[in-house]
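Close look at the chain arrangement
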Amino acid sequence: MDYQHLIEINNPDQSLLMPLTRAQLWQGLLLRVEKPDLFLPQLENFSATRHDDANLSRALNFGSVVIHDQVRLTPQQQIEIAIVAPDEHAGSLLVIRIEEPENGRLFLRFSYTTTLEDEEAIEYVKSAYRQADIDAVKIMRKLLTQ
């Protein structure tokens, strides 16, 4: 399954949302990587090992399932999260890219690639991914404005 969607971060027509800078948005994305417990309420605990400024490995413990992933950071541009496929589920790749088609107009593009093939499951997973990303952006906004 390949799936992409965009979330608009700054919309000049929506004055209710405080605009974020690219640097603030990047900080929010780093929080999602470095403090996943703020974004995943069902996460029991996690560990992270930083290999260098651009790469880290994580183990995310959800109780009966532990997810291992590799994260690659391209500062101010994108984050790639590759999940190592255990027996319980398919592996996947998530790329979150900051896009700025015009000055100050920011979007996040979420691109998912998985080995999932079941059509019924794919529609459910797409919906879950999109909702999780919308929720993550809300959490980032809240944390960045505190």
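Values in this document were obtained by computation on a predicted structure and should not be read as measured data. (Residues numbered from 1 in each chain as written. Predicted model: local features only at pLDDT ≥ 70, side-chain atom pairs only at ≥ 80, totals over all residues. Heavy atoms only, no water.)

**Some details on the pairing of strand β2 (residues 45-52)**
- Where β2 and strand β3 (residues 55-61) come together, seven bridges link them in antiparallel fashion. Looking across to β3, one finds that Asp52 is bridged to Asn55.
- Here β2 folds back onto β3 in antiparallel fashion, the turn holding two residues. (Pairing = 2+ DSSP bridges. Helix = DSSP H or I, 4+ residues; strand = E, 2+ residues; numbered from the N terminus.)

**Some thoughts on helix α2 (residues 119-144)**
- End to end, α2 covers 37 Å across 26 residues, agreeing with the expected 38 Å (1.5 Å per residue, within 8%).
- Those residues of α2 not exposed but buried are Ile122, Val125, Asp133, Ala136, Val137, Met140 and Arg141.
- Turning to α2, the residues buried within the fold contact β1 (2-8), α1 (22-34) and β7 (105-114).
- Between the side-chain oxygen at the start of α2 and the backbone nitrogen of Glu120 there is a gap of 2.9 Å, and the oxygen is on Asp118. (Expected span 1.5 Å × (residues − 1). Buried < 20%, exposed > 50% of the residue type's maximum accessible area, 1.4 Å probe, protein only. Contact = heavy atoms within 4.5 Å. Polar contact = N/O pair within 3.5 Å; in protein donor to acceptor, adjacent residues only side chain to side chain.)

**Side note on empty space enclosed by the protein**
- Following the criterion strictly, the structure yields one cavity of 30 Å³ or more and no others.
- The calculated volume of the largest cavity comes to roughly 30 Å³.
- Around the largest cavity sit Ile9, Leu20, Leu25, Val137, Met140 and Arg141, which together line it.
- The greatest single-element share of the lining of the largest cavity, amounting to three residues, is contributed by α2.
- Per-class residue counts for the lining of the largest cavity are five nonpolar, no polar and one charged. (1 Å grid on protein atoms, 1.4 Å probe; cavity = no way out; pocket = protein on both sides within 12 Å on 5 of 7 lines; lining within 4 Å. Points joined across faces, edges and corners; volume = space filled by probe spheres on them. Nonpolar A, V, L, I, M, F, W, Y, C, P; charged D, E, K, R; others polar.)

**Some words on the layout of surface pockets**
- Approximately 1000 Å³ is the volume attributed to the largest pocket.
- Surrounding the largest pocket, 32 residues form its lining, Leu40, Phe62, Ile83, Tyr112 and Tyr129 being those nearest its centre.
- Of all the secondary structure elements, the ones that give two or more residues to the lining of the largest pocket are β3, β4 (66-74), β5 (78-83), β6 (92-102), β7 and α2.
- Tallying contributions element by element places α2 first for the lining of the largest pocket, with nine residues.
- Its residues placed into classes, the lining of the largest pocket shows 22 nonpolar, five polar and five charged.

**Things to note about α1**
- The terminal C-alpha atoms of α1 lie 18 Å apart, and with 13 residues this matches the ideal 18 Å at 1.5 Å per residue to within 8%.
- Among the residues of α1, those classed as buried are Leu25, Trp26, Gly28, Leu29, Leu30, Arg32 and Val33.
- Where α1 is buried, its residues touch β3, β4, β5, β6, β7 and α2.

**What to know about the side chain of Asp69**
- Tracing the backbone shows Asp69 in strand β4.
- Its relative accessible area of 2% is what places Asp69 among the buried residues.
- A distance of 2.7 Å separates a polar atom in the side chain of Asp69 from a polar atom in the side chain of Arg58.
- Apart from the residues lying within four places of it in its own chain, the contact partners of Asp69 are Leu56, Ser57, Arg58, Leu60, Ile81, Ala82, Ile83 and Val84.

**Looking at the packing of α1 against α2**
- Contact pair α1 / α2: the axes reach a minimum separation of 9 Å and the direction vectors enclose 115°. Relative to α2, the element α1 is oriented roughly perpendicular. Of the two possible hands of crossing, α1 and α2 adopt the one that is right-handed. Touching Gln24, Leu25, Gln27, Gly28, Leu29, Leu31 and Arg32 of α1 are Asp133, Ala136, Met140, Leu143 and Leu144, all from α2.
- Within the contact of α1 with α2, the residues separate by chemical class into seven nonpolar, three polar and two charged. (Axes fitted to C-alpha atoms, helices over the stretch in contact; angles between N-to-C directions. Parallel < 35°, antiparallel > 145°, perpendicular 65-115°, else oblique. Left-handed = near helix turned anticlockwise from the far one by under 90°.)

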